[in-house]
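# Structural overview for review
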Amino acid sequence: MALDDFDEHEQGERVRQWLRQYGGVVLLGLAGGIAALAGWQYWHTRERAHAAEAQTEYQELLEARTRSDSPAVEAAVSRLRAEYADTAYGAFAALVQARDALDKSDYAAAEAALEWARSSTLAPPALAALVELRLAQVRFAKGDAQGALGALARVGAGLYKAPVAELRGDALSALGRVDDARAAYDEALAALESGSPQRDFVSMKRDDLGAPAAAAGDATEAAS
């Protein structure tokens, strides 16, 4: 027998001995890896199906709202909040619920719906910011300007710049902080596009505040 053949035979025997000793462990680890992969794939598929179900439920909610079918709207909102709170559609449903409550001047119900939406830790930043903006609008509408500012402070930087700045101006104006309100309106105007019809409305609110204190004092001295 050649030396090379002997080495190959010896190596083969060593491999077989190793497999007899450790093969069960290797196969167990391989089986565990396959099971984990299969479990992950199942979970991923189930998550996608769950999100698709939530989207369908939300679409039915919007259709019911278009038909002004209040019982169907309430039922869809309840299902989305109860069964799909782990998706963004739960928060979307709460936003719809808050909008309808606000239309009825039911500020308590609107705020409660938005507070529930705030509790969702899975909401993407833009949605979380929208919830805070809507909460600020509800609080301002019910006369809580300071509470509105608190909600606006939680809106992420750079998100909804114009409406956030405008509402901040409204709240500051209501609190008598005229100079701060004027600065907020200036910020809103800077964020609005040149052709936006909202610019005229914001400019009107800014002008209603009058001239800045320093400018007014200079005008008085010039007149004297």
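Residues numbered from 1 in each chain as written. Predicted model: local features only at pLDDT ≥ 70, side-chain atom pairs only at ≥ 80, totals over all residues. Heavy atoms only, no water.

## A few points about the nonpolar core
Where we set the bar: For our purposes a nonpolar core is just a set of buried Ala, Val, Leu, Ile, Met, Phe, Trp, Tyr and Cys residues, chained together by side-chain atoms within 4.5 Å. Buried residues are those whose accessible area, probed at 1.4 Å on protein chains only, stays under 20% of the maximum for their type, while exposed residues exceed 50% and partly exposed ones sit between those limits. The helix and strand labels rest on DSSP assignments: H or I over at least four residues marks a helix, E over at least two residues marks a strand, and numbering proceeds from the N terminus. Note on definitions: a residue-residue contact is assigned when non-hydrogen atoms from the two residues lie within 4.5 Å.
With 24 residues, the main nonpolar core has Leu95, Ala110, Leu114, Ala136 and Leu152 as its most contacted residues. When contributions to this core are tallied by element, the ones reaching two or more residues are helix 3 (88–103), helix 4 (107–118), helix 5 (125–141), helix 6 (145–152) and helix 7 (161–174). When residues in this core are grouped by element, the largest group, eight residues, is from helix 5. The residues contacting Ala136, other than those within four sequence positions of it, are Ala148, Ala151, Leu152 and Leu167. In terms of nonpolar packing, the next biggest core, distinct from the first, is built from 14 residues, Leu149, Ala171, Ala184 and Tyr185 among them.

## Digging into unusual backbone geometry
Of note, the phi angle at Ser105 is positive, near 60 degrees, even though the residue is not glycine. Overall, the relative accessible area of 46% leaves Ser105 in the partly exposed class. Of note in the backbone geometry, Tyr160 takes a positive phi value of approximately 50 degrees without being a glycine. As for its placement among the helices and strands, Tyr160 is situated in the loop between helix 6 and helix 7.

## Topic: helix 2 (residues 70–83)
Heads up, the condition is: Expected helix span is computed as 1.5 Å times (number of residues minus one). In this description, the arc belongs to the directions extending from the helix axis to the C-beta atoms.
If you check helix 2, its first and last C-alpha atoms are 20 Å apart, about what 14 residues at 1.5 Å a residue would give, namely 20 Å. Listed as buried for helix 2 are Val73, Ala76, Val77 and Leu80. Buried residues of helix 2, viewed axially, fall in a sector of 100 degrees; they line one side. Facing away from the buried surface of helix 2 by more than 90 degrees, the exposed residues are Pro71, Glu74 and Ala82.

## A few points about the packing of aromatic side chains
Within a pair of aromatic rings, the relevant descriptors are the distance that separates the centres and the angle that separates the planes. Convention followed: Each Phe, Tyr or Trp ring, with Trp reduced to its six-membered ring, pairs with another whose centre is within 6.5 Å; inter-plane angles below 30 degrees give stacked pairs, above 60 give edge-to-face pairs, and intermediate values give tilted ones.
In total, this model carries three aromatic pairs according to the counting rule given. With 5.7 Å between their ring centres and 50 degrees between their planes, Tyr58 and Tyr89 make a pair best called tilted. Remark: Tyr89 occurs in helix 3 and Tyr58 occurs in helix 1 (residues 3–66); sequence separation between them is 31 residues. On the basis of relative accessible area, Tyr58 is assigned to the buried category, the value being 16%. Connected via pairs of aromatic rings, a cluster forms that spans Tyr58, Tyr89 and Phe92.

## Some details on the side chain of Glu132
Threshold: For the purposes of these results, a polar contact is taken to be a pair of N or O atoms within 3.5 Å, where, inside protein, one atom must be able to donate a hydrogen and its partner to accept one; residues adjacent in sequence count only when each atom of the pair is a side-chain atom.
Considering the arrangement of structural elements, one finds Glu132 in helix 5. Classification of Glu132 as buried rests on a relative accessible area of 8%. At a separation of 2.8 Å, a polar atom in the side chain of Glu132 contacts the side chain of Arg118. If we skip the residues at most four places from it in the chain, Glu132 touches Arg118, Ala151, Arg154 and Val155.

Treat this as a map of the structure, not an account of what it does.
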